[in-house]
Amino acid sequence: LLPDEKPNGYPLWKQTGADFWLYSNTLGLWSIGGSPAKDLQFACNFCVLYCEQPHGHQGVMPQRMPAGLWHFWDEHSSLWRRDPEITLSGVPSAGAEQRLAAALAEIAWLRE
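The following paragraphs examine the structure supplied in this document. Treat the numbers as computed from the prediction; the structure is a model and nothing was measured. (Residues numbered from 1 in each chain as written. Predicted model: local features only at pLDDT ≥ 70, side-chain atom pairs only at ≥ 80, totals over all residues. Heavy atoms only, no water.)

Locating Asn-25 in the fold gives a position in the loop between β2 (21-24) and β3 (30-33). Relative accessible area serves as the criterion here: at 4%, Asn-25 is assigned to the buried category. Polar side-chain contacts of Asn-25 include one of 2.9 Å to the side chain of Ser-31. In this structure, Asn-25 is in contact with Asn-8, Ser-31, Cys-44 and Asn-45, ignoring residues within four places of it in sequence. (Helix = DSSP H or I, 4+ residues; strand = E, 2+ residues; numbered from the N terminus. Buried < 20%, exposed > 50% of the residue type's maximum accessible area, 1.4 Å probe, protein only. Polar contact = N/O pair within 3.5 Å; in protein donor to acceptor, adjacent residues only side chain to side chain. Contact = heavy atoms within 4.5 Å.)

A few words now on the sheet that holds strand β5 (residues 70-74). Spatial strand order, β1-β2-β3-β4-β5-β6: 6 strands in an open sheet with antiparallel pairing. Each of the sheet's edge strands pairs with one partner strand only, and the pair in question is β1 (13-14) and β6 (79-82). Note: β3 against strand β4 (residues 49-51), 2 bridges, orientation antiparallel. Along β4, the bridge assignment pairs Ser-31 with Tyr-50. (Pairing = 2+ DSSP bridges.)

Structurally, the position occupied by Asp-74 is in strand β5. Classification of Asp-74 by relative accessible area gives buried; the value is 17%. Within polar-contact distance, the side chain of Asp-74 engages the backbone nitrogen of His-76 at 3.0 Å.

A separate point is the pattern of salt bridges. In this structure the tally under the stated criterion is 3 salt bridges. When the shortest N-O distance is used, the salt bridge between Arg-81 and Asp-74 registers 3.3 Å. Exposure remark for Arg-81: the relative accessible area of 34% places this residue in the partly exposed category. (Salt bridge = Lys/Arg side-chain N within 4 Å of Asp/Glu carboxyl O.)

Our next topic: the packing of aromatic side chains. Here the structure, examined in full by the defined rule, presents 6 aromatic pairs. Between Trp-73 and Trp-80, the ring centres sit 5.2 Å apart and the planes meet at 65 degrees, which makes this aromatic pair edge-to-face. Among the residues examined, Trp-73 registers a relative accessible area of 35% and is labelled partly exposed. Directly above the aromatic system of Trp-21 lies the positively charged group of Lys-14, at a separation of 5.3 Å from the ring centroid. (Phe/Tyr/Trp six-rings, centres within 6.5 Å; stacked < 30°, edge-to-face > 60°. Lys NZ or Arg CZ within 6 Å of the ring centre and 35° of its normal.)

Turning our attention to the pairing of β5. Bridge count for β4 against β5 is 3 bridges, and the pairing is antiparallel. Looking at the pairing, Tyr-50 lines up with His-71 of β5. As paired elements, β5 and β6 share 4 bridges and run antiparallel to each other. Bridge pairing links His-71 to Arg-82 in β6. Taken together, β5 and the strand that follows it, β6, pair antiparallel across an intervening segment of 4 residues, in which Ser-78 is found at a positive phi of about 55 degrees.

Further remarks concern the pairing of β3. Along β3, one buried face is formed by Trp-30 and Ile-32 and the opposite face, lined by Ser-31 and Gly-33, is buried too. Where β2 meets β3, 4 bridges bridge the pair, whose relative direction is antiparallel. Its bridge partner being in β3, Ser-24 is matched across the sheet by Trp-30. From the end of β2 to the start of β3, which pair antiparallel, there are 5 residues, and Gly-28 there has a positive phi angle of about 80 degrees.

These figures capture arrangement, not role.
Structure, rendered in structure tokens:
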């Protein structure tokens, strides 16, 4: 968890020992992206894995997303593939301040 960074109004996590980040993309979907996403300060939808939700995650933290919603990019077929086995674990929870900031960002988005 990178406590001082909140791209798109939500917490940001970095994978230990690798250049991958878990972030809320501009569509409101939890995504795991690499350096291209970081280079754009996560103001994008670049990722190798995302959690599909019809109306975005609506503030539900990624470790609480149910299995069966995660998709990965299959480089061999150039298609997104759903994998019912993908779940997230070992994701530190956001603190109260980060949850409040995420809720306020969601309210602002709903008022647009």
